[in-house]
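If you want the building blocks of each chain, they are given just below.
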Amino acid sequence: MNTIALIRNRAMKSIRRILISSRNSSPFLSTPANSGHAPPIAGNSPRPRFNHHQPLQMHRIKGITQKVLGLPYSNFAPLTMPFILITSNRDVSTFKVRNCSTSVESRGHDNNFERIYVQGGMNNVKPLVVESSHEDVTDERNLGGEVNASVGKSKWEESDVEKQAWKLLQGAVVTYCGNPVGTVAANDPGDKLPLNYDQVFLRDFIPSALAFLLRGESEIVKNFLLHTLQLQSWEKTVDCYSPGQGLMPASFKVRTVALDEDKREEVLDPDFGESAIGRVAPVDSGLWWIILLRAYGKLTGDCSLQERADVQTGLKMILNLCLTDGFDMFPSLLVTDGSCMIDRRMGIHGHPLEIQALFYSALRCSREMLVVTEGTDNLIRAINNRLSALSFHIREYYWVDMKKMNEIYRYKTEEYSMDAINKFNIYPEQIPPWLMDWIPEEGGYLIGNLQPAHMDFRFFTLGNLWSIVSSLGTPRQNQATLNLIEAKWDDLVGHMPLKICYPALDNEEWRITTGSDPKNTPWSYHNGGSWPTLLWQFTLACIKMGRTELAQKAVALAEKRLPVDSWPEYYDTRTGKFIGKQARMYQTWTIAGFLTSKMLLKDPETASRLFWEEDYELLDICVCGLSKNGRKRCSRGAARSQILVCIHPQTCIMVSL
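Here is what the cut-offs are and how they apply
- Residues numbered from 1 in each chain as written.
- Predicted model: local features only at pLDDT ≥ 70, side-chain atom pairs only at ≥ 80, totals over all residues.
- Heavy atoms only, no water.
- UniProt positions renumbered as here; feature names shortened; annotations may be inferred.
- Phe/Tyr/Trp six-rings, centres within 6.5 Å; stacked < 30°, edge-to-face > 60°.
- Buried < 20%, exposed > 50% of the residue type's maximum accessible area, 1.4 Å probe, protein only.
- Helix = DSSP H or I, 4+ residues; strand = E, 2+ residues; numbered from the N terminus.
- Lys NZ or Arg CZ within 6 Å of the ring centre and 35° of its normal.
- Pairing = 2+ DSSP bridges.
- Contact = heavy atoms within 4.5 Å.
- Axes fitted to C-alpha atoms, helices over the stretch in contact; angles between N-to-C directions.
- 1 Å grid on protein atoms, 1.4 Å probe; cavity = no way out; pocket = protein on both sides within 12 Å on 5 of 7 lines; lining within 4 Å.
- Points joined across faces, edges and corners; volume = space filled by probe spheres on them.
- Parallel < 35°, antiparallel > 145°, perpendicular 65-115°, else oblique.
- Left-handed = near helix turned anticlockwise from the far one by under 90°.
- Salt bridge = Lys/Arg side-chain N within 4 Å of Asp/Glu carboxyl O.
- Nonpolar A, V, L, I, M, F, W, Y, C, P; charged D, E, K, R; others polar.
- Core = buried A, V, L, I, M, F, W, Y, C linked by side-chain atoms within 4.5 Å.
- Expected span 1.5 Å × (residues − 1).

- Per an unreviewed UniProt entry, the recorded name for the protein chain is Alkaline/neutral invertase, and the organism is Vigna radiata var. radiata.
- The Sequence similarities (unreviewed entry) comment attached to the protein chain in UniProt states, word for word, "Belongs to the glycosyl hydrolase 100 family."
- Reading the Function (unreviewed entry) entry of the UniProt record for the protein chain gives the comment "Invertase that cleaves sucrose into glucose and fructose."

## Thoughts on the packing of aromatic side chains
The way to describe two aromatic rings as a pair is by their centre distance and the angle between their planes.
Here is step 1 of the chain: Following the criterion strictly, the structure yields 21 aromatic pairs and no others.
Here is step 2 of the chain: Taking 6.0 Å as the distance between ring centres and 80° as the angle between the ring planes, the aromatic pair formed by Phe392 and Tyr397 counts as edge-to-face. The pair Phe392 / Tyr397 is uniform in exposure class, with both members buried.
Here is step 3 of the chain: Ring geometry for Tyr445 and Phe459: centres 5.5 Å apart, planes at 65°, overall edge-to-face. A residue pair is termed long-range when its members are at least 10 positions apart, and Tyr445 in strand E11 (residues 444-451) and Phe459 in strand E12 (residues 454-460) qualify at 14 residues. Across the pair, Phe459 and Tyr445 agree in class, each one buried.
Here is step 4 of the chain: An aromatic cluster is present here, built from Trp434, Trp438, Tyr445, Phe459, Tyr502 and Trp523 joined pairwise through their rings.
Here is step 5 of the chain: Above the ring of Trp166, the side-chain terminus of Arg215 is found at 4.1 Å from the ring centroid.
Here is step 6 of the chain: Between Lys553 and the ring centre of Trp489, over which it is positioned, the NZ or CZ distance is 4.5 Å.

## Thoughts on the sheet that holds E12
Here is step 1 of the chain: Read across the sheet, 4 strands follow the order E10-E11-E12-E13 without closing on themselves; strand pairing throughout is antiparallel. The sheet terminates laterally at strand E10 (399-401) and strand E13 (501-502), the two strands that pair on one side only.
Here is step 2 of the chain: Judged from the 2 bridges that link them, E12 and E13 form a sheet pairing that is antiparallel. What sits directly across from Phe460, in E13, is Cys501.
Here is step 3 of the chain: Of the strands in this sheet, E11 and E12 touch helix H13 (residues 461-470), which is tilted by about 80° from E12.

## Side note on the layout of surface pockets
Here is step 1 of the chain: The volume enclosed by the second largest pocket comes to roughly 1,100 Å³.
Here is step 2 of the chain: What lines the second largest pocket is a set of 40 residues, among which Leu321, Cys322, Thr324, Leu333 and Leu334 lie closest to the centre.
Here is step 3 of the chain: Breaking the lining of the second largest pocket down by element, the ones donating at least two residues are helix H6 (283-300), helix H8 (309-322) and helix H10 (377-397).
Here is step 4 of the chain: Looking at the lining of the second largest pocket element by element, the count peaks at 4 residues for H10.

## Let's talk about the packing of H8 against H10
Here is step 1 of the chain: Where H8 contacts H10, the axes come no closer than 11 Å and their chain directions differ by 50°. Considering their axes alone, H8 and H10 lie oblique with respect to each other. Seen from above, H8 lies across H10 with left-handed handedness. Counted together, Lys316, Leu319, Asn320 and Cys322 of H8 and Leu379, Ile383 and Arg386 of H10 form the full contact between these two elements.

## Things to note about the pattern of salt bridges
Pairs can form between side chains of opposite charge whenever their charged atoms are close.
Here is step 1 of the chain: In the structure shown here, the tally under the stated rule is 18 salt bridges.
Here is step 2 of the chain: Notably, a salt bridge pairs Asp198 with Lys253, separated by 2.7 Å at the nearest N-O pair. Of this pair, Asp198 sits in the loop between strand E6 (179-183) and strand E7 (200-201) while Lys253 sits in strand E8 (residues 251-260); the two residues are 55 residues apart in sequence, bridging distant segments of the chain.
Here is step 3 of the chain: A salt bridge links Arg255 to Asp269, with the nearest nitrogen and oxygen atoms 2.9 Å apart.

## Topic: the packing of H8 against helix H9 (residues 353-369)
Here is step 1 of the chain: Look at H8 against H9: their axes get within 11 Å of each other, and the N-to-C directions meet at 140°. With respect to H9, the axis of H8 lies oblique. In the crossing of H8 with H9, the sense of the turn from one axis to the other is left-handed. Counted together, Gln312, Leu315, Leu319 and Cys322 of H8 and Phe359, Leu363, Ser366 and Met369 of H9 form the full contact between these two elements.
Here is step 2 of the chain: The residue makeup of the contact of H8 with H9, split by class, is 6 nonpolar, 2 polar and no charged.

## Quick word on the nonpolar core
Here is step 1 of the chain: With 155 residues, the main nonpolar core has Phe457 and Phe538 as its most contacted residues.
Here is step 2 of the chain: Apart from the residues lying within four places of it in its own chain, the contact partners of Phe457 are Val400, Met405, Ile408, Gln430, Ile431, Pro432, Trp434, Leu435, Tyr445 and Ile447.

## Observations concerning the sheet that holds strand E9 (residues 263-271)
Here is step 1 of the chain: Strand order across the open sheet formed by 3 strands is E7-E8-E9, with antiparallel pairing between neighbours. At either end of the open sheet lies a strand with only one pairing partner, and these are E7 and E9.

## What to know about the environment of Pro189
Here is step 1 of the chain: The residue Pro189 is located in the loop between E6 and E7 in this model.
Here is step 2 of the chain: What makes Pro189 exposed here is its relative accessible area of 69%.
Here is step 3 of the chain: Residues Pro189 and Met585, spaced 396 residues apart in sequence, show a C-alpha to C-alpha distance of 9.1 Å.

## Side note on H6
Here is step 1 of the chain: Between its first and last C-alpha, H6 extends 27 Å over 18 residues, near the 26 Å set by a 1.5 Å rise per residue.
Here is step 2 of the chain: H6 sits mainly inside the fold: 15 of its 18 residues count as buried.

## Some thoughts on the pairing of E12
Here is step 1 of the chain: Most of E12 is tucked away: 6 of the 7 residues are buried.
Here is step 2 of the chain: In the sheet, E11 pairs with E12 via 4 bridges, with the strands oriented antiparallel. Residue Gln451 lies in a different strand from E12, and its bridge partner there is His454.

Next up, the structure:
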């Protein structure tokens, strides 16, 4: 009763930021399997691909929460971040309350208690997490133990460099209430001013998560997925404006705060961009979260996490945020500068390739994981239509090779008809001089951005690699992209894989585009710097296309330098010869990217679970709608006319139908 009284006294000040759970049990509401509010048990009745856990009846939630907080019954709406209550038996009046919260930052100006509610009812709220108390117990390692503890057994013999990397990765693990929940961005013991590198970034944790999953250690990944889900959709503001519901944070930090003189608790403090340098919301965080959720199921064989009601609802919230209708005429996502891995001003605002490739991947993941019910029919239909339109748009208008360059070079402008060839009014003078001699005869790539009267011809590595992994590009385009990387190895790999983009902006173009950014100087950081973390995505793309020799060459190059250079964040100069001038050492995703690459090369069969093949069923969904007077050709036919047939892991041929 003292605990409940404490909650009641503190509710008005910190309820909107505090996640209450049990220190000695799962941070989610649990009930006995035979209680009236347990989820459906698998196998009792026919069901779709995944279990669909029905949300708790609202009168049950209402009664419990009001009883604890002493609230009146009127004007009660579902909570954005509900209390997590643990019932020890069927008597719902008995509770155990945990001192691990999400945040207790005070907001003196926020006196409106109803702001913790979600406007719009049950369709927009994430239901409370309900689990059976008789959960399957798996023998998983607790990665939150001693830094020097063994990290588990490997199926393959590890080199000394790999052993060192695993020890460093283990040392970067962050724990919350005794459980591992992620890895810090960098863990340099000599860094006296870590800034935000001591936080867990969603995009940075992806290679760490894959490394742990490939090693058979899934607990940290599961905890990460669930805890970041609990941070979703909080009312983070910049100048009194809140982003859309469903936004995932860019990062979070575990803090220890004092509640009373003799009582302290751990809290998760998320950053949705309101503390970032440019105050930009992370568009890619939610997309990476969806991709990791699928990878967890594929690599562990456990799809129960995807089936959970809270996970399904969180997934739908991200999709609804991304699929919201707006003024844009393109199927690609419209975003501002700095909304992805390139998180500073670099002239990528609009429809950057990186976001489109991740968006396409997240949609394909969601189509696999969404529970098929009457309530999801419209969402699945919207996903299919967007996938169809997006793949056509990227393949048709972003692709550049010698043939396409010749078309652009002879473009006519100011075309107003539905039959216009130059649909975006691109002026041929935009073709940069460097590109004419740079692009090889047998190669090509997807440009960095496309907007009215503007094509960004820079080569952005992450977007092109992930287009291969997700089959956003056609099989022929994917092979041509790797052909280009091989032909331009010195430019894109050099002394350290891989360039984040090519070429660098310099002189007046650098001053105008970056605002004279002193960190993004030519051939440094985001402006043509070399990022070893891209290695694992390059490896995955090479394995998919049967070009493992390229990945092996790049991994061998990195293995020689990274441990000697103390695993830096990035490299500078045109060929990546020098360590980045502001690079952090012992950068976690550099370490994890190397380890993931090594394991993927040792087990290509497992790697195949992480990429997508061409979906020819999806190609049949073509929603041109302008067949008579509009599109004269469609990439559906172009994609279906070529199938990549691998007769040997090293030998792939194109077969025309």
